[in-house]
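A closer look at the structure
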Amino acid sequence: GTCSNSNNITVTFNQQPTATIATAGPVNECDLDVDLAATPFVYLVSNAPTSTWSYTGPGVVTWNGGDATDADQSGLTVDTYGTYVFTWTETNGSGACVSSANITVNFYEQPTADAGPATASDCDLNLQLDAVQSVVGSTGLWTVVPPSGDISFSDNSLFNPIVSSTTYGTYVLQFTETNGTCSNSNNITVTFNQQP
């Protein structure tokens, strides 16, 4: 009718951020540090934007410079081996508009292959090998260098297989220990002597 009343509201149109991680993933490391980098979103109009890294994983993360809001995380470290998922989150408009990107990093302990004694000999054509496992859960593989059809293994994936030869003589055997994507090798020389 002839009666009216007014009330105001404030409307904010926030630009939607797009979170991106510059580092391609997944990343596999043979130590406890990694270089990560996010690409900060370029705002045409921003309203109290924030950006930060977060993570899930078995250990504690030390951020570059102690600052999880720094997009450049060169030299980021963890204190425990395992799989971590790092998340870069961009927020605009006091939490109204959010975008996140994830990257998976696998931190593997670097094995140190130990094929056993540097030299070994026997008075027949069979010899028990005895490699030492340096990392729990790692795998092993025996080969002969250079390749020779004279040599065979009872199971070349065992740490302590029996190696056999069809010919007396000296051979170089290589033991490779692998943990995730990290590996290391060690050689031994074995001699098969004919029993007089």
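A brief look at the structure comes next. Fair warning: this is a prediction, and the values are worked out from it, not measured in the lab.

Regarding the pairing of strand β7 (residues 82–92)
Most of β7 sits inside the fold, with eight of its 11 residues counted as buried. With 11 bridges joining them, β7 and strand β8 (residues 97–107) adopt antiparallel strand pairing. Bridging across to β8, threonine 83 finds its partner in asparagine 106. The antiparallel pairing of β7 with β8 creates a hairpin that spans four residues between the two strands, and glycine 93 there sits at a positive phi of about 80°.

Some words on a nonpolar patch on the surface
Taken together, the side chains of Ile9, Val11 and Phe13 make up a nonpolar region of the molecular surface, amounting to roughly 410 Å² of accessible area. Looking at where valine 11 falls in the secondary structure, it is placed in the segment before β1 (20–21).

Description of the environment of serine 183
Tracing the backbone shows serine 183 in strand β15 (residues 182–192). According to the relative accessible area criterion, serine 183 is partly exposed, its value standing at 43%. Each C-alpha atom of the pair serine 183 and cysteine 30 lies 8.8 Å from the other, and the pair is 153 residues apart in sequence. When near neighbours in sequence (up to four residues on either side) are disregarded, serine 183 contacts Gln110, Pro111, Thr176, Glu177 and Thr178.

Let's talk about unusual backbone geometry
With the exception of glycine, the majority of residues adopt a negative phi angle, and the majority of peptide bonds are in the trans configuration. In the segment running from glycine 25 into proline 26, the intervening peptide bond is cis, with an omega of 0°. Inspection of the secondary structure assignment puts proline 26 in the loop between β1 and β2 (27–29). The amide bond that connects valine 145 to the next residue, proline 146, takes the cis arrangement and shows omega of -10°. By secondary structure assignment, the location of proline 146 is in the loop between β11 (139–145) and β12 (151–153). Located in the positive-phi region is alanine 48, a residue other than glycine, with phi close to 50°. Tracing the chain through its elements places alanine 48 in the loop between β3 (33–39) and β4 (50–56). For alanine 48, a relative accessible area of 48% corresponds to the partly exposed category.

What counts and how
- Starting from 1, residues in each chain are numbered consecutively following that chain's sequence as written.
- Local features are withheld for residues below a pLDDT of 70 in this predicted model, meaning they are given only at 70 or higher, and side-chain atom pairs are given and counted only at 80 or more; totals for whole chains, interfaces and linings count all residues.
- Where side-chain values are given, they derive from all heavy atoms of the structure, hydrogens and water being excluded.
- Categorising residues by exposure relies on relative accessible area from a 1.4 Å probe, with only protein chains included: less than 20% of the type maximum marks a residue as buried, more than 50% marks it as exposed, and the intermediate range marks it as partly exposed.
- Comment: elements are numbered from the N terminus, with helices defined as DSSP H or I runs of at least four residues and strands as E runs of at least two.
- What makes two strands pair is DSSP finding at least two bridges between them.
- In this analysis, a patch consists of residues with relative accessible area above 30% that form no salt bridge, clustered at 9 Å for like charges and at 5 Å for the nonpolar side chains Val, Leu, Ile, Met, Phe, Trp and Tyr.
- Using a 1.4 Å probe, accessible areas were evaluated by the Shrake-Rupley method; residue-level cover was limited to the displayed protein chains.
- We define a salt bridge as a contact between a side-chain nitrogen of Lys or Arg and a carboxyl oxygen of Asp or Glu at a distance within 4 Å.
- The contact definition used throughout considers only heavy atoms, calling two residues in contact when any of these lie within 4.5 Å.

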